[in-house]
Amino acid sequence: MGDYFITGIQQVGVGTTSVEKSWKWYKEMFGIDIRVLEDDTVAERMLPYTGGQAQKRHAAISINLQGGGGFEIWQYSDRKPKPVDFQIAAGDLGIFAAKVKSRDVKAAHAEISAKWNNVGPLCTAPDGTPTFIIADIEGNYFQVVQDSFVLVEEHKLFGGMLGGMIGVTDIEKSLVVYRDLLGYDTVVFDKTGTFEDLSYMNGGNEKFRRVLLKCSKPNEGPFSPIFPMGYIELVQAFDHQPRKIFEGRYWGDPGFIQVCYDVTGMDAFHEHCKKLGYPFTVDSCPDGIQFDMGDGSGRFTYIEDPDGTLIEFVETRRFALVRPLGIYENLYKRKNKRKPLPMLLFKAMRFNRVKFKD
């Protein structure tokens, strides 16, 4: 079957009505200021999720060098983005909240509360750690979670993505994807009831079953120093009939559109997915030809969980190391694909820091 491995969460995609406005906000609030790639072309290979038609879009992937997955910020260019026509509630089907890491949650709460209004109270998560909820400029929920790891010291309280809260109809069925397929084999907690830390969300005072998962196996690969496996939290609602967040809308419309994993050995990984009953629904390179996106290239694929939530996998071939100088890293030339990239290369990505005009 061949060999494959998952390095970690490369990014969480968030559809928006304005890439620039959302990116500015993520930069100011979370320090997401390193441009990995940016592209403004036609998405030709997502037809199952874009109404059967290729759609022009503006997309950017940005990271925080202190560690954590990136933000893929995504906006339709020619088609008017269609926001959800109901108020998303905790437990609705799909990614209803993204997890963002902080080295000091209490200090981060004080800092962000001083410059933004839509911030919930500092409280305690079911595992006993401090946490709080914040809503961005388009109403997307982020859960800030404690994580002390810092890759490149930039004296920021926040880092990047650390996972997501995913609404499901049946946790046991969903475990086939998140535990057996993705490798989240350790239960941090499995609790049913009402929860203080969800109370700031719409519907957050209701009864839920929550299962927080992590991986027992250390991650490996070129991007393993910066991309964590993080956490996936499965949330099942009991007091309301959960709604599909993207029902009647396209991939890329406002909201969290996918969680994306960095994968090496895509063909072997596809065999693993098929064996568990989840073959790729999209494959950017079925003929083996690489896919180019702005400064990067590689291959991307998708599966759906039992409730239709999209999970993306990317096998990176080339990415911009120092974009202003035209310096790129080609991962296909590396003999040891499990070996992390040197710290010097991550530090060099400081030259890719994005600046916005006021």
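Scroll up to find the structure.
For clarity, every value in this text was computed on a predicted model and none was experimentally measured.

Conventions and cut-offs
- Residues numbered from 1 in each chain as written.
- Predicted model: local features only at pLDDT ≥ 70, side-chain atom pairs only at ≥ 80, totals over all residues.
- Heavy atoms only, no water.
- Helix = DSSP H or I, 4+ residues; strand = E, 2+ residues; numbered from the N terminus.
- Contact = heavy atoms within 4.5 Å.
- Polar contact = N/O pair within 3.5 Å; in protein donor to acceptor, adjacent residues only side chain to side chain.
- Pairing = 2+ DSSP bridges.
- Axes fitted to C-alpha atoms, helices over the stretch in contact; angles between N-to-C directions.
- 1 Å grid on protein atoms, 1.4 Å probe; cavity = no way out; pocket = protein on both sides within 12 Å on 5 of 7 lines; lining within 4 Å.
- Points joined across faces, edges and corners; volume = space filled by probe spheres on them.
- Nonpolar A, V, L, I, M, F, W, Y, C, P; charged D, E, K, R; others polar.
- Core = buried A, V, L, I, M, F, W, Y, C linked by side-chain atoms within 4.5 Å.
- Buried < 20%, exposed > 50% of the residue type's maximum accessible area, 1.4 Å probe, protein only.

**Examining the environment of Y141**
Tracing the sequence through the fold places Y141 in strand 9 (residues 141–146). The spacing of Y141 and L344 is 203 residues in sequence and 34 Å in space, taken between C-alpha atoms. Among residues more than four places away in sequence, those in contact with Y141 are I88, F96, A97, A98, I133, I134, A135, Y200, M201, N202 and F256. Of note is the side chain of Y141, whose polar atom sits 2.9 Å from the backbone nitrogen of N202.

**Structural notes on the sheet that holds strand 10 (residues 158–167)**
Pairing within the open sheet is mixed, and its eight strands lie in the order 7-8-9-6-10-13-12-11. Where the open sheet ends on each side, the last strands, each with one partner, are strand 7 (123–124) and strand 11 (186–193). Two elements, strand 6 (residues 94–102) and strand 10, share seven bridges in a ladder whose sense is antiparallel. For G94, the partnering residue across the bridge sits in strand 10 and is G167. Its contacts with the sheet place helix 2 (residues 105–113) against strand 6, strand 8 (130–135), strand 9 and strand 10, and it is angled at close to 30° to strand 8.

**Observations regarding empty space enclosed by the protein**
Here the structure, examined in full by the defined rule, presents three cavities of 30 Å³ or more. For the second largest cavity, the calculated volume is near 100 Å³. Considering the residues around the second largest cavity, the lining is formed by P222, D262, V263, T264, E315, T316, L331, Y332, R334 and K337. Counting only elements with at least two residues in the lining of the second largest cavity, the list comes to strand 14 (255–264) and strand 18 (310–322). The dominant element in the lining of the second largest cavity, judged by the number of residues it contributes, is strand 14, at three residues. Grouping the amino acids of the lining of the second largest cavity by side-chain chemistry returns four nonpolar, two polar and four charged.

**Re the nonpolar core**
Counting 55 residues, the largest nonpolar core has F30, F142, Y261 and F313 as the members making the most contacts within it. At six residues, the largest contribution of residues to this core is made by helix 1 (residues 19–30). Once you skip the residues sitting within four places of it in the chain, Y261 turns out to touch I6, G8, I9, Q10, L182, Y184, M229, I232, I311, E312, F313 and V314. Judged by nonpolar contacts, the second largest core, of 20 residues, contains V36, L37, L151 and F319.

Any functional reading would require information that these geometric values do not contain.
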